[in-house]
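Structural characterization, general
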Amino acid sequence: MEKKLLLKGAEAIGEAAIRSGCNRFYGYPVPNQSDLLEYLVKEEEEGRSLTVFQSEDPLSSLFMAYGASIAGARVLTAANSIDLPDALRAVSYFSAADLPLVCAIFSQSGPGSGNIYPEQSDTLGILYGTQIGDGFASILTPSTPSDCAAATYKAFQTAEAYHIPVIILVDAACAQLVETVDFSTISFRGIPKNRLIIKGKNKGDKSTLTTLALDIERMAERKSALNKKRDSFLKKEQGSYKLVGEGEENLIVAFGISAIQAKRTADALIGNNISCTLFEPTSLYPFPEKPLEEALKKAKRLFAIDMSNGQIEKVLTPYIPDSVSLHVFSTTGGAVPRVEQVRQWIQQEIQSS
Amino acid sequence: MELKFEQIAGFPKSLAETPQHFCPGCTHGVNVRLLAEAIDNLQVAGNIVGVCGMGCSGLLPDYLDIDMVAAPPGQAIPVATGLSHEIGKKSLVFVYVGEGDLYGRGLNYLIHAAIRGEALSVFCANNLNMGMSGGHLSPTTLLGQKTATTPEGKSAAKYGIPVDFTRLLLNIPNVSFVARFKGFTAGEIRKGREYIKRSLQIQKFQRGFSFVEILSLCPTNLGLPPTEAVKLVKSATSGIYPSGIFKTPEVGITL
């Protein structure tokens with residue numbers, strides 16, 4: 001197997017999935033997901049150990065994945081912003097059924113059909129939507145194709161270790177970004193296998209799987225088991241993040257393509273004698289609370305950059321102390337934040353504060 | 001002379017010994033028993049997985065002594081498809097769903113699974129209304145039939161003329177077997193047992209997709225005593241939902 005490959009973000013997810021032992025992909029051709037679907041079909045034709053299936057409808061691809069996961073398959077599926085409610089419905093069922101799932105969600109401009117250009121306006125929808133009925137899912141937010149590959153490995157490990165759905169949230173820009181991905185540097189731990197698999201009872205006792213619980217006590221028991229599972233998940237897993245620089249007065253926070261632009265902005269600011277710390281959360285659930293709080297201790301200003309009507313503000317607000325002022329830079333409609341614009345904005349904000 | 005006894009009928013092994021929660025006069029119980037008998041007869045209890053839908057069929061995992069999955073509303077066919085892709089080579093997969101679920105939000109998936117000829121045996125309990133939700137209008141509700149959402153009777157002007165979904169499948173080349181029986185008359189129940197068995201056999205011999213509709217009774221929501229419900233449904237459906245085998249493989253399967 002080649003160790004270095006030139007891949008788009010969406011393709012890197014597919015390649016990493018195959019290397020994680022994923023044996024089934026159910027998908028549907030919509031923007032960005034098509035790149036993943038086409039890449040995996042090509043790999044399947046070349047004899048890699050994965051079966052790809054294009055379903056008749058985005059919702060059914062998610063529930064075919066559900067069936068395959070019940071039968072013991074390690075599945076990958078994907079959705080696009082337009083089909084986000086379908087994906088969240090599936091997440092609710094996977095969560096209720098204690099089944100592992102890795103689902104890539106490609107975020108484009110919305111609401112409605114919007115356009116195919118990148119936005120980060122699904123952030124809150126996914127953050128809250130995964131908690132429908134008190135279910136939960138891990139949410140990873142990689143930026144570069146290399147990060148997409150690493151996030152995919154982590155997603156399969158987390159999904160199989162806790163038997164939960166894991167979402168890899170990628171904006172349309174990161175999905176199309178091309179980079180050489182070095183697979184030799186990404187390590188991979190073994191995956192535990194002990195979970196409910198239904199494939200015919202043979203000579204043993206029957207196994208059934210239903211998320212229906214008609215009486216109140218049975219449902220309450222299930223909920224309390226799920227809550228315990230969430231608590232133990234949050235106790236063991238810390239949110240992941242990237243930190244560039246340390247202890248500066250100016251802290252820039254961004255994820256996805258915005259984080260790539262933020263990094264370039266920080267480099268440009270150094271030329272103007274303004275130094276910044278850059279904090280990139282690479283997972284939203286669990287959120288890297290403590291590292292962010294630590295980074296905020298020495299900061300005076302927090303510059304949040306995203307591509308929505310300020311959704312990142314709602315994510316960050318609970319962790320910001322009174323001593324730090326919050327400044328939000330947003331672009332919408334599918335435009336990626338421009339480095340020069342962000343740099344000027346940050347300098348103006350610093351001068352006026 | 002010593003007498004030797006051999007059991008020729010009895011409680012099916014694959015039927016769980018647990019009380020069922022179906023309403024009095026409901027024929028879901030008959031359907032479940034027919035499934036259990038077919039499974040026993042083919043000796044496939046160890047390598048079969050059933051998928052049921054939402055509604056009264058969602059109770060099946062408790063009543064059959066085999067591996068079962070309860071699917072989300074409308075998603076029984078996709079879930080069964082995923083299962084079949086993964087285990088279809090070693091195990092049989094069947095689907096048992098009500099018509100409200102299968103012909104309503106699940107119709108797209110039924111048609112596409114049939115077109116692909118997925119290795120599935122699909123059994124649809126058609127009781128002319130959405131039973132568990134409280135007797136609402138379903139895709140097969142007859143013209144003039146009173147339901148919770150058509151208290152004056154279903155009107156053709158508003159909801160169109162009901163269609164026989166079973167025979168719609170006949171246009172699809174990859175469908176191996178299509179049949180329907182009334183699950184509430186003795187003669188037809190006996191035939192139905194063979195249809196269910198044949199459907200599973202077809203899957204066993206890798207002949208793809210088969211479909212059996214079971215015309216069922218829901219006296220509770222029809223607001224009739226079971227005996228009168230039998231009479232009414234029998235006469236009202238003989239034209240629009242006739243019984244019989246509509247399609248079967250030409251060679252290879254013998255009963």
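Every chain is numbered on its own, with residues counted from 1 as its sequence reads. Whichever chain is written first becomes A and whichever ligand is written first becomes 1, with later ones labelled in order. Totals for whole chains, interfaces and linings use all residues, but because this is a predicted model, local features are given only for residues with pLDDT of at least 70 and pairs of side-chain atoms are given and counted only at 80 or more.

Overview of the overall build of chain B
Quick note on the threshold: Runs of E in the DSSP output that reach at least two residues are strands. Runs of H or I that reach at least four are helices, and both are numbered from the N terminus. The globule rule is 2.2 Å times the number of residues to the power 0.38, and the radius of gyration it is compared with is taken over C-alpha atoms. Residue pairs qualify as contacts under a 7 Å threshold applied to their C-beta atoms, which are placed from the backbone.
Helix and strand counts for chain B come out as 10 helices and seven strands. Radius of gyration (C-alpha) of chain B: 18 Å, near the 18 Å computed for a compact globule of 255 residues. With respect to the principal axes defined by its C-alpha atoms, chain B has extents near 65 × 50 × 30 Å. Looking at chain B alone, contacts between residues at least 24 apart form 68% of all its contacts between residues at least 6 apart.

Overview of the overall build of chain A
Just so we agree on the cut-off: As a rule, residues whose C-beta atom has 12 or fewer other C-beta atoms within 10 Å are exposed, those with 20 or more are buried, and those in between are partly exposed; C-beta atoms are placed from the backbone.
For chain A, the helix and strand inventory stands at 12 helices and 16 strands. Relative to the compact-globule value of 20 Å for 353 residues, chain A shows a C-alpha radius of gyration of 21 Å, a close match. Its C-alpha atoms give chain A principal-axis dimensions of roughly 75 × 50 × 40 Å. Per-residue burial for chain A yields a buried fraction of 50% across its 353 residues. Intrachain contacts of chain A at a sequence separation of at least 6 include 78% that bridge at least 24 residues.

Digging into helix α9 (residues 257–271) of chain A
Working note: α-helix, 3.6 residues per turn, so residues spaced by three or four point in the same direction. Residue and element names in this part refer to chain A. Put simply, the rule is: Expected helix span is given by 1.5 Å per residue-to-residue step, counting one fewer step than there are residues.
Here α9 is 15 residues long and its end C-alpha atoms lie 22 Å apart, about the 21 Å a rise of 1.5 Å per residue gives. Here α9 has its buried residues at I257, S258, A259, I260, Q261, A262, T265, A266 and L269. Looking at the residues trailing α9, positive phi occurs at N273, about 60°.

Digging into the domain arrangement of chain A
Residues and elements named next belong to chain A. As a reminder, the rule being used: Just so you know, the domain bounds were taken from an automatic or database domain assignment. Under the convention adopted here, Pro, Cys and the residues Ala, Val, Leu, Ile, Met, Phe, Trp and Tyr are nonpolar, Asp, Glu, Lys and Arg are charged, and Gly plus all remaining residues are polar.
Split by domain assignment, chain A resolves into domain 1 (4–198 + 228–236) and domain 2 (241–352). Placing a centre on the C-alpha atoms of domain 1 and another on those of domain 2 gives a separation of 27 Å. Contacts between the two partners involve 24 residues from domain 1 and, on the opposite side, 25 residues from domain 2. Elements represented by at least two residues in the side of domain 1 that touches domain 2 include exactly β6 (115–118), α5 (123–129), β7 (138–140) and α7 (172–176). Here the residues of the side of domain 1 that touches domain 2 sort into 11 nonpolar, 10 polar and three charged.

Let's talk about the pairing of strand β4 (residues 121–126) of chain B
Residues and elements named next belong to chain B. The criterion, for reference: When DSSP locates at least two bridges between a pair of strands, those strands are taken to pair.
Summarising burial for β4: six of the six residues are buried, a large majority. Here β4 shows a buried face lined by S121, F123 and A125 and a second buried face lined by V122, C124 and N126. Strand direction decides the pairing type here: strand β3 (residues 92–98) and β4, joined by five bridges, are parallel. Note that in β4 the partner of G98 across the bridge is A125. Pairing between β4 and strand β6 (residues 209–215): six bridges, direction parallel. Directly across from F123, in β6, lies its bridge partner V212.

A short note on the sheet that holds β6 of chain B
Here we have eight strands laid out as an open sheet, ordered β10(A)-β2(B)-β1(B)-β3(B)-β4(B)-β6(B)-β5(B)-β7(B), and mixed in their pairing. Two strands lie at the open edges of the sheet, namely β10 (208–209) of chain A together with β7 (244–247) of chain B, each paired on one side alone.

So, unusual backbone geometry
A cis amide bond links G110 of chain A with the next residue in sequence, P111 of chain A, at an omega value of 5°. Structurally, P111 of chain A is set in the loop between β5 (101–109) and β6. Each neighbour pair has its own omega, and for Y285 of chain A with P286 of chain A the value is 0°, a cis peptide bond. One can find P286 of chain A in the loop between β14 (283–285) and α10 (289–297). Phi at N32 of chain A is positive, roughly 70°, even though this residue is not glycine. Following the sequence through the fold, N32 of chain A ends up in the loop between β2 (24–27) and α2 (33–45). Despite not being glycine, Q206 of chain B shows a phi value in the positive range, around 55°.

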